[in-house]
Structures are given as structure tokens and as C-alpha cells.
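# An overview of the molecular structure
Okay, here's what each chain looks like letter by letter:
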Amino acid sequence: MGETTVTPPEGQQKVAPQPVASNAAGQGHLRRMRTPRRPRLWFEMLLIAVSYWTYSLIRNAVPEQKEQALSNADWIWKAEHQLGLAVEESVNHAVNSVTWLIIGMNYYYATLHFVVTLGVLVWLYRAHPGRYAATRLVLFATTAVALVGYYLYPLAPPRLMNGGDFIDTVLVHQTWGSMASGDLKNMSNQFAAMPSMHIGWSVWCGLTIFALARVPWVRVLGLLYPVATLVVIVATANHFWLDAVGGVLCLAFGFTVAWIWYGTLPYALPAVPARGRAGNLLPNKA
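In this report, the structure presented in the accompanying data block is examined. A quick note: this is a predicted structure, and the numbers were derived from the prediction, not measured.

Close contact between helix 6 (residues 129–152) and helix 10 (residues 241–262) brings their axes to 7 Å; oriented N to C, the two are set at 135°. With respect to each other, helix 6 and helix 10 are oriented oblique. For the pair helix 6 and helix 10, the crossing hand works out as right-handed. Mapping the contact onto sequence places Ala133, Ala134, Leu137, Val138, Ala141, Thr142, Val145 and Ala146 in helix 6 and Cys250, Leu251, Phe253, Gly254, Phe255, Val257, Ala258, Trp261 and Tyr262 in helix 10. Residues that form the contact of helix 6 with helix 10 fall into these classes: 15 nonpolar, two polar and no charged.

Listed below in C-alpha cells is the structure:
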């Protein structure tokens, strides 16, 4: 018998199976993005500078809804009284009675928020490059969600409350301090107190130091830093303690974003990536 030949209909072309190379390439690229690697200094400096500039621009561009901000402050103050935890005014007056202490806290509030956070980032970059990007992602995601809070829930700080007896310690002691006081008040949104990024950033610093530092007393200082920051923001009448709770919730969101992206907490990633034969950065197995 002769062979039977099947001729496809005219105009039809055989459909070749689609290559899976593009899909594999995409997965490979995604895997590389999630792989711990050594950060590039120029890129990180540019990223941090642009990110902070953008954060400040957006935060200060949020409408200063004064009436709503004052109303929200009254509500929080009443809620804290109902809880029996309205301690801010007592702390504010007690610390203000010790001049050297409150002046020190004014400068603490104005400077360490930035100095310590940048210091921890530099330390991570140098000592834990494999964990740097993931830990930095936590900080960035925390700050980003805080901007949403500023927009949705304008809040006046205690020192600006109607009928309150709080002391604006920067004005009273004429120290260079909060961007929301004195001659600098027009450069910053006065009604963006919730959540407190002084707490969000300081808890991020404290947890990072505690998790990664090797010297015991340094780890203890890491834990004490956010505690001291909480006392400072309350004593200077810049925040309610509930603002601090908001900052911690934002930080929890930041850690969740990093965990989803990397599949683990930043501190569980390899400290220093090892180089493969082809020069690719591979995570340490140790």
C-alpha cells in the first residue's frame, strides 16, 4: 500500500509550540531581583536623596485641614482619658521643669531622627550588604504608607490643641527644634502627626540593631532607642502616644511587604552574598 499524505487546508499554517524561554527568562529576572546582592553606593545615595525629597514634598503638600486636624486631636485626647492613659500633659510639664533635660530633648527630636536612621543604613551597607536592600525596603514601605495616613487622618499635635495646657518646648526655650515650630513652621505640614515616623523609624533602627549587632550592649542600646524616642515625642508635645501606635502599625506593614517580596524577614537573609564563578551574586548557604 502507498503512503497516505495529509495536506493541510489552504491558508492554514502549522502552529508551532510556543517557546518557554521568555517565561523562564522572566522568572530568572524576578529571582535575580530577589537575590541578596551588594548594593551600589551611587544608586543608594541617589535613591535615598530622591526618596526623602519626594516624601517631604508629598507630606507637606497634603492639605492642612486645620479644623479636622484639631477635631481629631480632641477625639484622641478624650479617648485617652476614657482609657485612663492620657499622660502626655503630665509628662510634658514634668520634663519641661528641668531646663537642661527638655532642651536636650528638643535637639534629640530635631536631629537623631535623621542621624541614627542614616547611620543604621550606612552600617547595613557596609556590614550586611546582603540584607541591606530588604531592610531598606521595610523602611521605604513604612514611610510610604505613612503618607496615606497623613492624607486620610489629619491630626494636630498636642501643643496646637484648642484649650489644651501643653507647652511648646521649642518656642518656650527658643531652641532649634521641630520644623513645625517657630520660624520654620511654614516649611512643614503642622497637621501630619499621625502616624509618628519618629517612632516608625526609631523602632526600625532598634530592631535592626538588636537583630544584627554582635556586641550585647549595642543590642541593648538598639532596644532603648525607640523607648527614649517615645518619651521625647510625648515630652515635647509633638505627638500623642497613640501616634506612636500608628507608627508601629506602619512598620508592621513595611515588614509584611519585605516578607512577601523576599519570602522571609530581612534579617534571615545572608549577610554577605558570595560570588559565583560567572561573577553572579549568589546567597550564602551558611
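Quick look at the nonpolar core now. Across soluble globular proteins, nonpolar side chains show a tendency to be buried alongside one another. Core analysis: the biggest nonpolar cluster contains 36 residues, and Tyr150, Met197 and Trp204 have the highest contact counts within it. Of all the elements in the fold, those that place two or more residues in this core are helix 5 (99–127), helix 6, helix 8 (197–212), helix 9 (216–235) and helix 10. If one sorts the elements of this core by residue count, helix 8 sits on top with eight residues. Dropping the residues within four chain positions of it, tryptophan 204 is found in contact with Thr117, Val120, Leu121, Leu124, Thr135, Val138, Leu139, Leu251 and Tyr267. Core analysis: the next-biggest nonpolar cluster, separate from the first, contains 14 residues, Leu70, Met161, Phe166 and Phe240 among them.

So, on to the environment of alanine 268. Positionally, alanine 268 belongs in the loop between helix 10 and strand 1 (274–275). According to the relative accessible area criterion, alanine 268 is exposed, its value standing at 57%. Sequence separation between alanine 268 and arginine 131 is 137 residues, and the spatial gap between their C-alpha atoms is 8.1 Å.

Here is what the cut-offs are and how they apply
- Residues numbered from 1 in each chain as written.
- Predicted model: local features only at pLDDT ≥ 70, side-chain atom pairs only at ≥ 80, totals over all residues.
- Heavy atoms only, no water.
- Axes fitted to C-alpha atoms, helices over the stretch in contact; angles between N-to-C directions.
- Helix = DSSP H or I, 4+ residues; strand = E, 2+ residues; numbered from the N terminus.
- Parallel < 35°, antiparallel > 145°, perpendicular 65-115°, else oblique.
- Left-handed = near helix turned anticlockwise from the far one by under 90°.
- Contact = heavy atoms within 4.5 Å.
- Nonpolar A, V, L, I, M, F, W, Y, C, P; charged D, E, K, R; others polar.
- Core = buried A, V, L, I, M, F, W, Y, C linked by side-chain atoms within 4.5 Å.
- Buried < 20%, exposed > 50% of the residue type's maximum accessible area, 1.4 Å probe, protein only.

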